[in-house]
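Observations on chain architecture
Here is how the chains run, residue by residue.
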Amino acid sequence: MSTHVFDQAIALTAMGEGTYTGATSPAYANMIGPYGGITAATVLNGVLQHPALLGEPLSLTVNYAAALNDGPFDLRVEPVRTNRSTQHWVMSITQPDAAGTVQTVVTASAVTAARRDTWSVDDEPMPDVPVPGDVPPYAVPSPVEWIKRYEMRPIEGAIPSQWDGSGSHSLSRLWMRDTPARAIDLCSLAALADVFFPRIWLRRATWVPAGTVSMTVYFHAGSAQLAECGHGWVLGQARAQAFRNGFFDQTAQLWSESGHLLATSHQVVYYKE
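1. Things to note about unusual backbone geometry
The step from Thr179 to Pro180 runs through a cis peptide bond, and the omega angle for that step is 0°. Tracing the backbone shows Pro180 in the loop between strand 8 (172–178) and helix 3 (186–192). The phi dihedral of Ala205 is positive, around 50°, even though this residue is not glycine. With respect to the helices and strands, the residue Ala205 is situated in the loop between helix 4 (199–204) and strand 9 (210–219). By relative accessible area, Ala205 is classed as buried at 4%.

Written out as structure tokens, the structure is:
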């Protein structure tokens, strides 16, 4: 097994076809439970390890029903329909609660496919931004561990330095990659899609508790194209479209340094007033 902290965090032990055990990693701890991106990557890892896998991921949806507790968990992965070129999956993570009753804490679904060489184009061009070497690294101390697992270089829309209610937009752009550096793959791409801090913090410059309820990642690149990225940077862009009645959305795009759109993501986030 890889000694990289990311691979250790998403590691699974097969207990039978489609049944795995894993454990949360202190290296990716968030304020409550683990960082949502590492949970998404772990669930996807279960799909990728399944012996019946067809092709590679097109989409991954993760629903965070409750925060994972620190410690072991069980992951169930099931291919519910296999067609000629697509395969549909359902997944769930369970853990015992304080009373020992097994509870579902994460539900998820995925679509994998055997991709074909066809006419292709990126209709969402990468923004014109400075190269990573010209952008200072994010240097604001963080109270959570998972942020230390990424090198981030914010171009615009960094986390507010003053929580004074002066926010005017929700757009962020930043270069990012694993630290220590690691070749990007499908699991790490899924995790990177959740790197962005809650959009409401930027839009309002006001700190409020917030947490992802559901996140979907669409994979526009397969493993072969990701291999071309090597240990390089990913440009991330995220913005919200509406904040209402305790929930807001976030849409995000992830590009390679060479300008290829690798993935897009959408999520809905709860915030507490």
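2. Description of the pattern of salt bridges
Two side chains bearing opposite charge may form a pair once their charged atoms approach each other closely. In this structure the tally under the stated criterion is eight salt bridges. The shortest N-O distance in the salt bridge between Asp7 and Arg182 comes to 2.8 Å. Of the two residues, Asp7 is situated in helix 1 (residues 5–9) and Arg182 in the loop between strand 8 and helix 3; the sequence distance between them amounts to 175 residues. Residue Asp7 shares its accessibility class with Arg182, and that shared class is buried. Among the ionic pairs, Arg182 bridges to Asp185, the shortest N-O distance being 2.7 Å. Exposure remark for Asp185: the relative accessible area of 27% places this residue in the partly exposed category. The network of salt bridges with common partners includes Asp7, Arg182 and Asp185.

3. Structural notes on the side chain of Thr42
The topology assignment puts Thr42 in helix 2 (residues 36–49). Overall, Thr42 belongs to the buried group, its relative accessible area being 4%. Apart from the residues within four sequence positions on either side, Thr42 is in contact with Ala9, Ile10, Leu12, Phe73 and Leu75.

4. Some thoughts on the packing of aromatic side chains
Counting across every chain of the model gives eleven aromatic pairs. Considering the side-chain rings of Tyr35 and Trp146, the 4.0 Å spacing of their centres and the 5° angle between planes classify their relative orientation as stacked. Of the two residues, Tyr35 sits in the loop between strand 2 (19–23) and helix 2 while Trp146 sits in the loop between strand 6 (102–113) and strand 7 (150–156), which places them 111 residues apart along the sequence. We note that Tyr35, like Trp146, is buried. Centre to centre, the rings of Trp146 and Tyr150 are 6.1 Å apart; their planes meet at 75°, and the pair counts as edge-to-face.

5. A closer look at the layout of surface pockets
Considered as a void within the structure, the largest pocket measures approximately 1200 Å³ in volume. Tallied by class, the residues present in the lining of the largest pocket amount to 34 nonpolar, eleven polar and five charged. Quantified by volume, the second largest pocket comes out at close to 380 Å³. The wall of the second largest pocket is formed by 13 residues, among which Arg115, Arg116, Thr118, Ser120 and His220 lie closest to the centre. When the residues that make up the lining of the second largest pocket are grouped by side-chain class, the tally is three nonpolar, six polar and four charged.

6. Overview of empty space enclosed by the protein
Counted by the stated rule, this structure contains two cavities of 30 Å³ or more. Estimates place the volume of the largest cavity at around 80 Å³. Residue lining of the largest cavity: Ala9, Ala23, Thr24, Ser25, Tyr28, Pro34, Ile38, Thr39, Thr42, Leu68 and Phe73, and that is the complete set. A total of three residues in the lining of the largest cavity trace back to one element, the largest contributor, which is helix 2. The volume enclosed by the second largest cavity comes to roughly 50 Å³. Here the lining of the second largest cavity takes three residues from strand 8, the largest share from any one element. In terms of residue class, the lining of the second largest cavity is made up of five nonpolar, two polar and three charged.

7. Re the environment of Ser142
Tracing the chain through its elements places Ser142 in the loop between strand 6 and strand 7. Considered as a pair, Ser142 and His4 are 138 residues apart in the sequence and their alpha carbons are 22 Å apart.

Parameters and conventions
- Residues numbered from 1 in each chain as written.
- Predicted model: local features only at pLDDT ≥ 70, side-chain atom pairs only at ≥ 80, totals over all residues.
- Heavy atoms only, no water.
- Helix = DSSP H or I, 4+ residues; strand = E, 2+ residues; numbered from the N terminus.
- Buried < 20%, exposed > 50% of the residue type's maximum accessible area, 1.4 Å probe, protein only.
- Salt bridge = Lys/Arg side-chain N within 4 Å of Asp/Glu carboxyl O.
- Contact = heavy atoms within 4.5 Å.
- Phe/Tyr/Trp six-rings, centres within 6.5 Å; stacked < 30°, edge-to-face > 60°.
- 1 Å grid on protein atoms, 1.4 Å probe; cavity = no way out; pocket = protein on both sides within 12 Å on 5 of 7 lines; lining within 4 Å.
- Points joined across faces, edges and corners; volume = space filled by probe spheres on them.
- Nonpolar A, V, L, I, M, F, W, Y, C, P; charged D, E, K, R; others polar.

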